[in-house]
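# Coordinates in review
What follows is the residue order along each chain.
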Amino acid sequence: MSGWYGFIGVPTDVGNKACGAAEGPAALRAIGLAPRMGMVDRGDVRGPAYDGTPDETGSRSVRETAAWCTGVRNAVAGVLADGGVPVMVGGDHAMALGSVAAAAEHARRQGRNLYVLWFDAHPDFNTPETSPSGNTHGYPAALACGIGHPCLLRVGAFTPLLRPDRLVQFGIRDIDAGERENLRRSGIEFHEMPAVRERGLAALVAHTISRIQAAGGGHVHVSFDIDALDPSVAPGVGTPVPGGLLLDECVDSLRLLGASGLVQSLDIVEYAATQDQGNRTAHVVEHLLAGFMAGRDGQTALVA
Ligand SMILES: NC(=[NH2+])NCCC[C@H](N)C(=O)O
Ligand SMILES: [Mn+2]
């Protein structure tokens, strides 16, 4: 059976006050996303409000981010324990620390290797030392790999949650100078837009899937930041960067990922309803999920 999907709303912008991602889940509920797609609505995670005062590392809302991520971790773990596919709907991308923590713990219990495929305009591989903003939504990929703010490294049961050679990023086109050095030192595989244009997103994703399958499979977590898409396609984001991915190539890639049978958890983050043009970006979210689900259903049909 293809199982079921659990929609987990995470209405917060503690990772970047300006991004407007706190309204994302409500706007997606307003278009009836979960019921229309046959997802079980597991409700919203709750947590503290944003605090803009920087701490001694220059980071903002670290305690608040940790509190929210702990809630996300529990909610995602709950869906995984009940045999579903958690779809963590942000909220800003800092929340991925919580879902990756749950995925890592689940994978370890099942004796599987965790892989994370990260679709984003930004690598989110900053540490407090390299961050130009102090915003925690620039940290989660680095935290998953075990580097960053000690208070946030404690969100998961262990650290690193993820081996750096099991993180692959796609759609990258805005990297801070110190962040690039972090990526280099950790040996992260990241595909910037020129490489994506040259080789094709779906081809890169297919190659990654085969590599994971050749290594014996595992638990693949997909973390999809809506700002990976070009702002002309998905205007409802807080940190838009031109020159991004197109909808069709993302839908095709998610269909391949669904069909691989490897993906067991998913994030859809940084949908900023307040920046949207009508419901355009909300419908983009729907298309992305529909592609993933179609791939998974096809895979089930083949297996059945
Ligand atoms: N998930 C995101 N939208 N991240 C944007 C990060 C922007 C910038 N690199 C920073 O650290 O502040
Ligand atoms: Mn991001």
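Predicted model only: the values in this text are computed from it and were never measured. (Residues numbered from 1 in each chain as written. Chains lettered and ligands numbered in written order. Predicted model: local features only at pLDDT ≥ 70, side-chain atom pairs only at ≥ 80, totals over all residues. Heavy atoms only, no water.)

### Thoughts on the coordination of the manganese ion (ligand 2)
Protein coordination at the manganese ion (ligand 2) comes from His 93 (ND1), Asp 120 (OD), Asp 124 (OD) and Asp 225 (OD), with a distance range of 2.0 to 2.2 Å. Sequence positions of the donors to the manganese ion (ligand 2) reduce to the motif H-x26-D-x3-D-x100-D. Of this pair, Asp 120 sits in the loop between strand E4 (114–119) and helix H5 (140–144) while Asp 225 is found in strand E7 (residues 219–225), placing the two residues 105 residues apart along the sequence. Exposure class is identical for Asp 120 and Asp 225. Each is buried. (Donors = N, O, S within 2.8 Å, 3.2 Å for Na, K, Ca; no water. Helix = DSSP H or I, 4+ residues; strand = E, 2+ residues; numbered from the N terminus. Buried < 20%, exposed > 50% of the residue type's maximum accessible area, 1.4 Å probe, protein only.)

### Some points on the packing of helix H9 (residues 201–214) against helix H10 (residues 247–260)
Between H9 and H10, whose axes approach to 8 Å, the crossing angle comes to 15°. It follows that H9 is roughly parallel to H10 by the angle criterion. As for how H9 packs across H10, the hand of that crossing is right-handed. Facing H9, whose interface residues are Leu 201, Ala 202, Val 205, Ala 206, Ile 209 and Gln 213, H10 presents Glu 249, Cys 250, Ser 253, Leu 256, Leu 257 and Ser 260. Looking at the contact of H9 with H10, its residues break down into 8 nonpolar, 3 polar and 1 charged. (Axes fitted to C-alpha atoms, helices over the stretch in contact; angles between N-to-C directions. Parallel < 35°, antiparallel > 145°, perpendicular 65-115°, else oblique. Left-handed = near helix turned anticlockwise from the far one by under 90°. Contact = heavy atoms within 4.5 Å. Nonpolar A, V, L, I, M, F, W, Y, C, P; charged D, E, K, R; others polar.)

### Observations concerning the UniProt feature "binding site: Mn(2+) 1" (unreviewed entry) in the protein
On the UniProt side, "binding site: Mn(2+) 1" (unreviewed entry) is annotated at positions that read His 93, Asp 120, His 122, Asp 225 and Asp 227 here. Despite a sequence span of 135 residues, these residues sit close together in the fold, their greatest C-alpha distance being 10.4 Å. For the second largest pocket, the lining residues among the annotations just cited are His 122, Asp 225 and Asp 227. Structurally, His 93 is set in the loop between strand E3 (85–90) and helix H4 (96–109). Residue class for His 93 comes out buried when judged on its relative accessible area of 0%. Here Asp 225 falls in the buried class, since its relative accessible area comes to 2%. Not counting residues up to four positions away in its chain, the partners in contact with Asp 225 are His 93, Phe 119, Asp 120, Asp 124, Val 269 and Glu 270. Here the side chain of Asp 225 touches His 93 through a polar contact of 3.1 Å, side chain to side chain. (UniProt positions renumbered as here; feature names shortened; annotations may be inferred. 1 Å grid on protein atoms, 1.4 Å probe; cavity = no way out; pocket = protein on both sides within 12 Å on 5 of 7 lines; lining within 4 Å. Polar contact = N/O pair within 3.5 Å; in protein donor to acceptor, adjacent residues only side chain to side chain.)

### Structural notes on the UniProt feature "binding site: Mn(2+) 2" (unreviewed entry) in the protein
In the numbering adopted here, UniProt assigns the feature "binding site: Mn(2+) 2" (unreviewed entry) to Asp 124. Asp 124 has contacts with His 93, Trp 118, His 137, Gly 138, Tyr 139, Pro 140, Ala 141, Ala 142, Glu 179 and Asp 225, leaving out every residue within four places of it along the chain.

### Quick notes on the site of ligand 1
Close contacts around ligand 1 come from 13 residues, with Asp 124, Asn 126, Ser 133, Asp 176 and Thr 239 the closest. The side chain of Asp 225 places a nitrogen or oxygen atom 3.2 Å from a nitrogen atom of ligand 1. Contact with the protein chains removes 94% of the 350 Å² of surface that ligand 1 exposes when unbound. Looking at the shell around ligand 1 residue by residue, the classes come out as 1 nonpolar, 7 polar and 5 charged. (Near = heavy atom within 4 Å. Areas by Shrake-Rupley, 256 points an atom, 1.4 Å probe, with all protein chains shown as cover.)

### What about the pattern of salt bridges?
Tallied over the entire structure, the rule returns 13 salt bridges. Among the salt bridges present, the one from Arg 180 reaches Glu 192, with a minimum N-O distance of 3.5 Å. Taken together, the residues span a long stretch of sequence, with Arg 180 in helix H7 (residues 177–186) and Glu 192 in strand E6 (residues 189–192) at a distance of 12 residues. A relative accessible area of 40% places Arg 180 in the partly exposed class. Residue Glu 192 is classed as partly exposed on the basis of its relative accessible area, which comes to 25%. Ionic pairing is found between Arg 185 and Glu 181, a salt bridge with its closest N-O pair at 3.6 Å. Here the residue Arg 185 and the residue Glu 181 both occupy positions in helix H7, the gap between them amounting to 4 residues, near one helical turn. Owing to a relative accessible area of 60%, Arg 185 belongs among the exposed residues under this scheme. (Salt bridge = Lys/Arg side-chain N within 4 Å of Asp/Glu carboxyl O.)

### So, the packing of aromatic side chains
This structure, assessed with the given rule, holds 3 aromatic pairs. Measuring from ring centre to ring centre gives 6.3 Å for Tyr 5 and Phe 292, while their planes differ by 75°; the resulting arrangement is edge-to-face. Residue Tyr 5 is found in strand E1 (residues 5–10), and its partner Phe 292 is found in helix H11 (residues 280–303); the two are separated by 287 residues along the sequence. Like Phe 292, Tyr 5 is buried. On the basis of an interplanar angle of 20° and a centroid distance of 5.2 Å, the ring pair of Phe 119 and Phe 224 is categorised as stacked. Highlighted residues: Phe 119 in strand E4 and Phe 224 in strand E7, separated in sequence by 105 residues. Like Phe 119, the residue Phe 224 is buried in the burial classification. An aromatic cluster of three or more residues is present, and its members are Phe 119, Phe 170 and Phe 224. (Phe/Tyr/Trp six-rings, centres within 6.5 Å; stacked < 30°, edge-to-face > 60°.)

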